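# Topology and contacts: notes
Spelled out from the first residue to the last, the chains are:
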Amino acid sequence: MFQLASDQGHPVAACSLGYFYEKGLGVPINLPKAVEYYQLASDRNDPGGLCNLGYFYEYGIHVEIDFDKARKLYQRAAKQGYARAQCNLAHLYENGKGVPQNYSLAMFYYKKAAKQNYPRAQRCLGILYANGHGVEKNVDKAFALYIKAAEQGDEVAQCNVGYYYDNGISVDLDPVKANEWYEKSANQGFAISQYNLAWNLERGIGAKQDYKKAFALYEKAAKQGHASAKFCIAYAYHYGHGVEKDLQKAIVLYKELADQDDAEALCNLGYIYGNDLEADAIDHDLAFTYYEKAAKLGDAVALCNIGDCYEKGNGVTQNYEKAVEYYKMSADQDVDSAQYSLGYCYENGWGVAQDINKAIAYYRKAADHGYEDAIDALKRLDKKDK
C-alpha cells in the first residue's frame with residue numbers, strides 16, 4: 001500500500017517507506033533504499049523526509065557526513081513547523097556543527113520545537129538554562145522544562161529530574177523521588193541513570209541498601225561504555241559487594257581502567273598489592289609504584305597511602321618526615337584516613353614535634369567524617385585528661 005502510494009507521488013508514503021527500510025520494519029534493513037525514499041520524499045518537500053535525510057547527512061548514515069546539507073534540509077522542514085527538524089537545527093547551532101556555534105539561534109529553534117511540546121527540545125532547552133548558554137542561568141526554568149520532557153518519557157530528562165531531586169537543585173532534596181526518576185530512565189536503557197540509581201542503591205540512599213541490584217545496574221551501564229560503572233564493578237569484586245569477592249577479577253578490571261589513566265583504579269591496585277593478597281603475593285614495591293602513578297594524576301587517597309608506605313617502610317625506606325609530608329597533602333584535601341594518620345603522628349612525635357593539640361585537631365576532622373579510629377583516639381585522649 002505504501003509502495004503504491006509512493007509510486008503515485010505521495011511524499012508521506014515515500015518517507016514511511018524510507019523509515020521501514022531504515023529500521024527493518026516488515027522488510028530487511030536496507031539503508032540505500034532508505035536514502036532513496038527519503039530523497040524522494042524530500043524532493044516533494046515532505047518535512048519528515050527532509051528531516052530524516054538531514055539526519056543521515058549529519059551522522060554519515062550511508063552518505064558522507066555533510067553538515068551543510070543537513071542544515072539546509074532541516075531548515076526546509078523547520079520552515080514548515082516540523083518540531084523534530086527545528087530541534088535538530090538547534091542542535092547544529094548549539095554544537096557548532098557546520099556553522100559557528102550560536103547559542104542564541106539554538107535557543108530560538110529549541111523554543112519553537114518546545115512550544116509544540118516536543119520533549120527532546122524541552123530537555124535541550126532546559127540544559128541551556130541549566131548551564132547559562134545563550135541565556136542567564138536559571139535552574140528553576142531548567143527543572144520546569146525537564147519535568148515536561150520527563151513526563152513524556154524522555155529518558156535524559158528523567159535522569160536530569162532525578163539528579164535535581166538527588167542534589168536538591170530547584171527542589172527539596174528527595175532521594176526517594178530521585179530514584180523513582182532514575183529508575184524510569186534506567187528502564188529505557190539510559191546508562192547514566194543506571195549508574196546513578198546503582199550508586200544510591202549501593203549506599204542505601206533513598207532506598208534499602210541493595211548491593212545485588214546495584215551490581216546488576218552497574219553491569220548494564222558498563223556494557224554501554226560507562227567508565228565509572230566499570231570501576232564500580234571492579235570495586236564490587238574487590239570487596240564482595242553484590243557479588244562473590246574475586247580479587248583477580250578486580251585486578252583485571254582495575255588494570256583495564258589504569259591503562260586509561262584512571263587514578264582511582266591505580267590507587268586501588270596499589271592497595272590490593274600492598275594489603276589484600278595472600279602474604280606470599282604481597283608486593284609493596286608494585287603497590288608504591290601504583291600509588292605514585294595515582295598521586296601524579298591527582299588522587300588524594302593515593303597521597304595518604306604513600307604516606308603510609310613511608311611510615312611503615314613498605315616499598316621505600318622508612319621515613320616519618322616523608323610520611324607526614326604526604327599525610328598533610330592528603331589531609332588538606334579532606335581525606336579522613338590521612339587526617340587520622342597525621343593526628344597520630346602529632347600525638348606520638350613521628351616526623352614532627354609532638355603536639356597533642358594538633359593531634360586532637362586532626363582527629364576531630366577525621367571524626368567529623370565518622371572515621372572510627374579517630375573517634376576512638378579522641379575518647380582515649382579525653383580519658384587521659386581526666
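Notes on the structure in this doc start here. (Residues numbered from 1 in each chain as written. Predicted model: local features only at pLDDT ≥ 70, side-chain atom pairs only at ≥ 80, totals over all residues. Heavy atoms only, no water.)

### Observations concerning the overall build of the protein
Rules: Every helix listed is a DSSP run of H or I at least four residues long, and every strand listed is a run of E at least two residues long, numbered separately from the N terminus. Both definitions apply: the radius of gyration is a C-alpha atom measure, and the globule rule equals 2.2 Å times residues to the power 0.38. Whether a residue is buried, partly exposed or exposed follows from its accessible area with a 1.4 Å probe, protein chains only, as a fraction of its type maximum: under 20%, in between, or over 50%, in that order. For the area figures, the Shrake-Rupley method with a 1.4 Å probe applies, and any residue is considered shielded solely by the protein chains shown. A positive count includes Lys and Arg, and a negative count includes Asp and Glu. His and the chain ends are not counted in either. Every charge is mapped onto a representative atom, which is NZ of Lys, CZ of Arg, CG of Asp or CD of Glu.
Along its length, the protein carries 22 helices and 0 strands. Taken over C-alpha atoms, the radius of gyration comes to 28 Å for the protein, far larger than the 21 Å a tight globule of 386 residues would show. Looking at the protein as a whole, 46% of its 386 residues are labelled buried. Surface exposure of the protein reaches about 19,500 Å², of which carbon and sulfur atoms provide 48%. Each charge class in the protein was averaged separately, 43 positive and 52 negative side chains, and the resulting centres sit 8 Å apart.

### Structural notes on unusual backbone geometry
In this structure, Asn-45 takes a positive phi of about 65° despite not being glycine. When you line up the elements, Asn-45 lands in the loop between α3 (31-43) and α4 (47-59). Non-glycine residue Ser-170 carries a positive phi angle of around 70°. Position of Ser-170 relative to the elements: it lies in the loop between α10 (155-167) and α11 (175-186). By relative accessible area, which is 33% here, Ser-170 ends up partly exposed.

### Here's the deal with the side chain of Gln-86
In plain terms, the rule: Note on definitions: a residue-residue contact is assigned when non-hydrogen atoms from the two residues lie within 4.5 Å.
Along the chain, Gln-86 turns up in helix α6 (residues 83-95). Residue class for Gln-86 comes out buried when judged on its relative accessible area of 4%. Ignoring sequence-local partners within four residues, the contact set of Gln-86 consists of Ala-78, Gly-81, Tyr-109, Lys-112, Ala-113 and Gln-116.

### Some words on helix α13 (residues 211-223)
Since one α-helical turn is 3.6 residues long, residues separated by three or four positions face the same way. Inclusion rule: One less than the number of residues in a helix, times 1.5 Å, gives the span that helix is expected to have. Our arc is simply the arc of the directions from the helix axis toward the C-beta atoms. Counting of polar contacts relies on pairs of N or O atoms within 3.5 Å, with two restrictions inside protein: one atom must be capable of donating a hydrogen and the other of accepting it, and residues adjacent in sequence are counted only when both atoms are side-chain atoms.
With 13 residues, α13 extends 18 Å from end C-alpha to end C-alpha; this agrees with the ideal 18 Å at 1.5 Å per step. For α13, the full list of buried residues reads Ala-214, Phe-215, Leu-217, Tyr-218 and Ala-221. Around the axis of α13, the buried residues are gathered within 165° of arc, so they sit on the same side. Set apart from the buried face of α13 by more than 90 degrees, the exposed residues are Lys-212 and Lys-223. Contacts from the buried residues of α13 go to α12 (191-203) and α14 (227-239). A side-chain oxygen of the first residue of α13 lies 3.3 Å from the backbone nitrogen of Lys-212; this N-cap is Asp-210.

### Observations concerning helix α21 (residues 356-368)
Between its terminal C-alpha atoms α21 stretches 18 Å, which fits the 18 Å expected from 13 residues at 1.5 Å a residue. Within the span of α21, buried status applies to Ala-359, Ile-360, Tyr-362, Tyr-363, Ala-366 and Ala-367. Between a side-chain oxygen at the N-terminus of α21 and the backbone nitrogen of Asn-357 the separation is 3.2 Å; the capping residue is Asp-355. Positioned one or two residues after α21, Gly-370 has a phi angle of 85°, which is positive.

### A short note on the nonpolar core
Nonpolar side chains in soluble globular proteins tend to end up buried together. Applied cut-off: In plain words, nonpolar cores are sets of buried Ala, Val, Leu, Ile, Met, Phe, Trp, Tyr and Cys residues tied together by side-chain atoms within 4.5 Å.
In this structure, Tyr-110, Val-161, Tyr-218 and Tyr-254 are the most contacted members of the largest nonpolar core, which totals 125 residues. In this structure Val-161 touches Phe-143, Tyr-146, Ile-147, Ala-150 and Trp-181, once residues within four positions along its chain are discounted.

Note that every value here comes from positions in space, so none of it alone points to a role or purpose.
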